[in-house]
Amino acid sequence: MYVNLEGNVFLQYLAWVTYPVVLITFSAGFTQILAPQAVGSGIPEIKTILRGVVLKECLTFKTFVAKVIGLTSALGSGMPLGKESPFVHIASLGASLLCKFMSLFGGIYENESRNMELLSVACAVGVSCVFAAPIGGLLFSIEAMSTFFTVRNYWRGFFAATVTAFMYRVLAVWNRDEVTITALLPTNFRQDFPFDLQELPAFAVLGIVSGFGGALFVCLNRQIVQLIRNQKTIKKFLMKKRLLYPALVTLLVSTLTFPPGFGQFMAAKLTQMESLETLLDNHTWSKQGIPEEFDSNSHSQAWKHPQVNVFVTLTLFVVMKFWMSALAMTMPVPCGAFMPVFVIGAALGRLVGESMATWFPDGVHSDGTIYPIEPGVYAAVGAAALSGAVTHTVSTAVVVFELTGQISHILPVMIAVILANAVAQSLQPSLYDSLIMIKKLPYLPELGWGHHEKYNICVEDIMIRDVMYITLNCCYRDLHDVLLAGHLKTLALLESSESMILLGSIERAQLQALLSLQLGRPRRLKYLRDRATAESRLSVVSHPSSEDGSTMVNQEIAEWEENQLDEQVNFDNCMIDPAPIQLVERTSLHKTHTIFSLLGLDHAYVTSIGRLIGVVSLKELQKAIEGSVAVKGVNVRPPLASFRDSGTSGTIMNNENKARDLHKLWNRRKSMSLPQEHRASDPDEKSK
């Protein structure tokens, strides 16, 4: 419509602005109505789920539908939004739904650890299908999603990512867009002499600048969100008019990118993929004054302007797209930031490459042979460096190699990406960790730089001492009270309230099943039948009225329930975990963090010679790492209190007493029989 309305600028502007506003508004409204969990990239939620936290609404079928339709509309609007992160969420949704479907045929897919393995594989699929880069996608998923990666998932992820990339490129061949399977954006960089060693400082500077740029992007995005949330008037207004904010942001960005207006200085006619394709071009644009330098049939013409040179257009593109992308990411629609940042990095690299080509028109080689500088190489380096700085990953280098189909520039790309990561990680968290902080997800932060002083904190400094538990000889009333008192996922099973010996843990659902079995409808009907049978055998002199009879029945049922609640619990038909994760009170914070991260725990019990003395969860661990150790119910000691003197005689006597108590408790525990799940004996045991 924009092309067909040429000659009427006002109608062109309406066409240019109306479509993005309508599509973004539809995406925001549809997502908000169907599944608000589909808003954003989805990677922060998947990272949290892979750490052991249950976020049920993030992996439902409604979220899948909202994510796909909302993302399609958002990408079609032409806003500076990406699809790589939402595709990770979509792939994870597909894996979760497949697990639920396959669980109808095999119980292994109901296993929680199996689901986690499939989710980690799905993350590789999500990245691979965007860039047709199976190796880079798998490595990116390992870096961005996992703190600890299980090696047995490597071949599974690689297989799934390869199939994904193959299907993506085969579809292009079937649609006659490609002749055969090739790289998504093939380049023709020089192979015999890819770069001169004297260009390495320029690549290093580009990496350092990209590191600062990546940290600035993450900070800018977070500041925009906090500004909106902290201004109560704006927040209250936007809560009432939920669709107004995305519409206004889209209107602003569309107006600034209108080609006859300011958009003519920043190649606004090009889509993100077209911009990336032109930025990776082999030709040099620095001689922009000569029209023959631009191919009239290519998209590179969009970077040419009669009044300003290519340096102005590239600079304006980088600056404007930088804050536009950071602002557009705050809209409540399914979107990511990897692709816009990738394109901005390519433009930054192209700017440096064009500058180098202008300063050294004959190249920097000094032995007399002329090897002109290729600005497209700098664009590839800048794309990998800036996207790596924003996401804190090195695998973006591999993504660039697979995207362009050339690996001859592996050295400059790796140098720039590593330097960009070093700078960005020292200044800001990754974009995904920043979003986790903004959304306040229960995610365990890393013990990175600046946390070494917390290594001498022990578990007993941060644990919750008032633990909810049940005992082996408890009654059903105790179960009822415990279930009403809190919403814990699991409860500790102790020998008795006096000894506090931890025997295991029981899921909340198991306790609810025990209580329902004791007070459920079958037991109630059986009681009423027995009562009716007993009454029929008695000779009744006077017949009470129906109202009096129902009142008496209700009173008797209430008395029966009270009696049932006072009975001792029978744990024979209950599944008990006899080996829950336990920590001793002197376990360091560093070791606790490693155990929680490696096993994906949400809580662990703290014991002292078998006695339960506390529990530590992700919440307490997170607060301890972030510096606010003083939590309610926690006995906080000075940081150096962990280093106690172990050489005094009193301590030796105390250790001997503890050892004697331990032997007594062990002998007592051997005489006890812990109820377990009934199972058939082996033939060898039967023969014995």
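Use the structure listed above.
Worth saying up front: this structure is predicted, and the values here are computed from it rather than measured.

**Student:** Help me understand the nonpolar core in this model?
**Tutor:** General note: in soluble globular proteins, nonpolar side chains tend to be found buried as a group. Core analysis: the largest hydrophobic core is formed by 118 residues, its most contacted members being Leu 81, Leu 276, Leu 279, Met 331 and Phe 596. Beyond its immediate chain neighbours, meaning those up to four positions away, Leu 279 contacts Trp 285, Trp 303, Leu 314, Val 343, Ala 346, Ala 347, Arg 350, Gly 376 and Ala 379. One finds Ile 470, Leu 472, Trp 560 and Val 569 within the second-largest nonpolar core, a separate group that totals 22 residues.

**Student:** Hey, could you run me through the environment of Glu 45 in this one?
**Tutor:** Within the secondary structure layout, Glu 45 lies in helix α2 (residues 43–50). For Glu 45, a relative accessible area of 7% puts it in the buried group. Sequence separation between Glu 45 and Cys 58 is 13 residues; the distance between their C-alpha atoms is 7.3 Å. When sequence neighbours within four positions are dropped, the list of residues in contact with Glu 45 reads Leu 55, Cys 58, Lys 439 and Leu 441.

**Student:** Is there a simple way to explain the side chain of Thr 330 in this structure?
**Tutor:** Here Thr 330 lies in the loop between α12 (310–328) and α13 (338–359). Overall, the relative accessible area of 17% leaves Thr 330 in the buried class. A polar atom in the side chain of Thr 330 sits 2.6 Å from the side chain of Tyr 245. Leaving out residues up to four positions away in the same chain, Thr 330 has contacts with Asn 221, Ile 224, Val 225 and Tyr 245.

**Student:** Explanation requested: the packing of aromatic side chains in the structure shown.
**Tutor:** In this description, a pair of aromatic rings is defined by centroid distance and the angle of the planes. A complete count under the given rule lists 14 aromatic pairs for this structure. Their ring planes at 25° and their centres at 6.4 Å tell us that Phe 61 and Phe 64 sit as a pair that is stacked. Of the two residues, Phe 61 and Phe 64 are both situated in helix α3 (residues 61–76); the distance of 3 residues between them amounts to about one turn of the helix. Judged by relative accessible area, which is 26%, Phe 64 ranks as partly exposed.

Rules and cut-offs
Residues numbered from 1 in each chain as written. Predicted model: local features only at pLDDT ≥ 70, side-chain atom pairs only at ≥ 80, totals over all residues. Heavy atoms only, no water. Core = buried A, V, L, I, M, F, W, Y, C linked by side-chain atoms within 4.5 Å. Buried < 20%, exposed > 50% of the residue type's maximum accessible area, 1.4 Å probe, protein only. Contact = heavy atoms within 4.5 Å. Helix = DSSP H or I, 4+ residues; strand = E, 2+ residues; numbered from the N terminus. Polar contact = N/O pair within 3.5 Å; in protein donor to acceptor, adjacent residues only side chain to side chain. Phe/Tyr/Trp six-rings, centres within 6.5 Å; stacked < 30°, edge-to-face > 60°.

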